[in-house]
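Letter by letter, the chains look like this.
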Amino acid sequence: MVQRKEKYVNLVVCLADIVSLFISYLMGSYLGLRFVGKLWSYTHRNLIINLGFLLVTFMLIFFIFSLNAYFLQRSAIEELLNVIKYNIVLAVLLTFVLYLTKTSAQFSRSVFAVTLILNVLIGYGIRMWVKQYLRKYYAKHSNCVMLITTHDRAEKVVSHFNNSGNWENKITYIALVDDNKQGEKICGVPVVASYEDMFDYAKQAHVDEVFFHISYRTGHSLHPYIEQFEKMGVTVHVIANLIDGFEEFNQKVEMVGGYPVISFTTASFDSEKMIVKRLIDIIGGLVGCVVAAILLLIFGPLIKLESPGPILFKQQRVGRNGKIFSIYKMRSMYMDAEERKKELMAQNEMKGLMFKMTDDPRITKIGKFIRSTSIDEFPQFFNVLKGDMSLVGTRPPTVDEFNQYEIYHKRRLMMKPGITGMWQVSGRSDIEDFEEVVRLDLSYIDNWSLALDFKILFKTVTVVFGKVGSR
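Report on the accompanying structure. Predicted model only: the values in this text are computed from it and were never measured.

Quick look at empty space enclosed by the protein
To locate leftover empty space, one rolls a probe as large as a water molecule over the atoms.
So, point 1. For the coordinates displayed, the defined rule picks out two cavities of 30 Å³ or more.
So, point 2. Looking at the largest cavity, the residues that line it are K277, I280, D281, S390, L391, V392, L450, D453, F454 and L457.
So, point 3. Only α8 (271-306), β11 (390-392) and α14 (450-466) provide two or more residues apiece to the lining of the largest cavity.
So, point 4. Residue composition of the lining of the largest cavity, grouped by class: six nonpolar, one polar and three charged.

What follows is the structure, given as structure tokens:
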């Protein structure tokens, strides 16, 4: 129910933003050409094509960045900042789309600028009106919830309930099963019943739902109470006591094998966003494979001339949740590199489960160049296309490293490993402590979003061309 109503709110805000963009563009087209830009042949065809670009770009932002999350909970200032951020993203992404499609000449810069300025003002006004309307609507039509709890829990539950951002339900009445406090109020909510008369009160009052927040050992002790409310046609919610003490975990109720279960996870990912991430990986993987093929034609012969052996280096790595896969790189070392590694372990500059060494003698001359420019990484786009890796993710460990992991290290494998990630754009080889790599990877997992992926991708380009932390 909550998810369905959130999607309804997102749809309403999406339609409001489209209306705002449409009005802003029409006004911007007139004002931008009339008072700012020079008058030129701006036909109806130009008008429709450019509006199409705006709407397509807007939909990309809507599905990728989820800027409408917590819409009803945001203050007026937060909403203004959100609208400004959305229009900045719109400007950047639209510029990128126009550049890729080579149609920027058809879009007047003055129209572009005036449209975005107007869209901030008009969009903010429309959003605030929509917010006010929805808040009044849900305040009037929210479900009346009767909280059944104990005296020691009541204040904490009501306070947590009211501060949780839940706008579809409202605790209207309280029934205390261990005390008789009728006539009193807890956090502004009246105590209307005790254990003896809670059914009688619920039968006569406007109660949409009942929320049990009491201690119990098994469902058998609650069965007669749930049965009584079920006969009234009232929805019953029961707190799952098993989750007590696990507040730091994300929790959700779902069906597994036909059983209702409570699922715990330290990070929860939106399935729709993960689909978008995979689509981006496929597109990026296809482009990367083409570039990798060209680079192999150029550097393949040089690799083979300096050191006889295969051009590509294939190694087993550990992927998502411990899955073993074969990673591909351009070979940058001599063929006996793995055997010589044991001899060089004493010179390892990395604290922990990784091996790093300045002027590693196992690296060939051409290998030093393709490593410093990250050219050796391009065959991994094939891994991305296969689905073993992602464009952005965590660093994939070797099997030897993985076998030495502590329990908490494995959490960094919750997501697919990536060609680039937080570690790569935060210094790469300059980082000399494996625990710092773990911290960066976990930070990426805990704060993951599509926007963060794009930020890392753009930063990767800067890091690679600047040869930051490359060895």
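Some thoughts on the environment of T235
So, point 1. Turning to its location among the elements, T235 is positioned in strand β6 (residues 235-238).
So, point 2. Each C-alpha atom of the pair T235 and V145 lies 9.4 Å from the other, and the pair is 90 residues apart in sequence.
So, point 3. Each residue touching T235, except ones within four places of it in the same chain, is listed here: D208, E209 and V210.

Thoughts on the pattern of salt bridges
So, point 1. For the coordinates displayed, the defined rule picks out eleven salt bridges.
So, point 2. Among the salt bridges present, the one from K277 reaches D453, with a minimum N-O distance of 2.6 Å. Placement of the pair is K277 in helix α8 and D453 in helix α14, with a sequence separation of 176 residues.
So, point 3. Overall, K277 belongs to the buried group, its relative accessible area being 6%.
So, point 4. Look at D453 and you get buried, because its relative accessible area is 6%.

Digging into a nonpolar patch on the surface
So, point 1. A grouping of I77, L80, L81, I84, I88 and V92 is seen on the molecular surface, where their side chains present a nonpolar patch of about 540 Å² in accessible area.
So, point 2. As for its placement among the helices and strands, I88 is situated in helix α3 (residues 76-101).

Section: the pairing of strand β2 (residues 169-176)
So, point 1. For β2, the buried fraction is high: six of the eight residues fall into the buried class.
So, point 2. Pairing analysis gives seven bridges linking strand β1 (residues 143-149) to β2, with the strands arranged parallel. For M146, the partnering residue across the bridge sits in β2 and is Y173.

Comments concerning the environment of F53
So, point 1. Examined against the element boundaries, F53 turns out to sit in helix α2 (residues 44-65).
So, point 2. The exposure class assigned to F53 is buried, which follows from its relative accessible area of 16%.
So, point 3. For F53 and L94, which are 41 residues apart along the polypeptide, the C-alpha to C-alpha distance reads 7.5 Å.

A few points about the packing of aromatic side chains
So, point 1. Tallied over the entire structure, the rule returns eleven aromatic pairs.
So, point 2. Note on F378 and F381: the rings are 5.5 Å apart at their centroids and 40° apart in plane angle, and the pair reads as tilted.
So, point 3. For F378, a relative accessible area of 23% puts it in the partly exposed group.
So, point 4. On the basis of relative accessibility, which here comes to 15%, the residue F381 falls in the buried class.
So, point 5. A network of ring pairs unites the aromatic residues Y195, F199, F212, Y225 and F229 as a single cluster.

How each quantity is defined
- Residues numbered from 1 in each chain as written.
- Predicted model: local features only at pLDDT ≥ 70, side-chain atom pairs only at ≥ 80, totals over all residues.
- Heavy atoms only, no water.
- 1 Å grid on protein atoms, 1.4 Å probe; cavity = no way out; pocket = protein on both sides within 12 Å on 5 of 7 lines; lining within 4 Å.
- Points joined across faces, edges and corners; volume = space filled by probe spheres on them.
- Helix = DSSP H or I, 4+ residues; strand = E, 2+ residues; numbered from the N terminus.
- Nonpolar A, V, L, I, M, F, W, Y, C, P; charged D, E, K, R; others polar.
- Contact = heavy atoms within 4.5 Å.
- Salt bridge = Lys/Arg side-chain N within 4 Å of Asp/Glu carboxyl O.
- Buried < 20%, exposed > 50% of the residue type's maximum accessible area, 1.4 Å probe, protein only.
- Patch = residues over 30% accessible without salt bridge, like charges linked within 9 Å, V, L, I, M, F, W, Y side chains within 5 Å.
- Areas by Shrake-Rupley, 256 points an atom, 1.4 Å probe, with all protein chains shown as cover.
- Pairing = 2+ DSSP bridges.
- Phe/Tyr/Trp six-rings, centres within 6.5 Å; stacked < 30°, edge-to-face > 60°.

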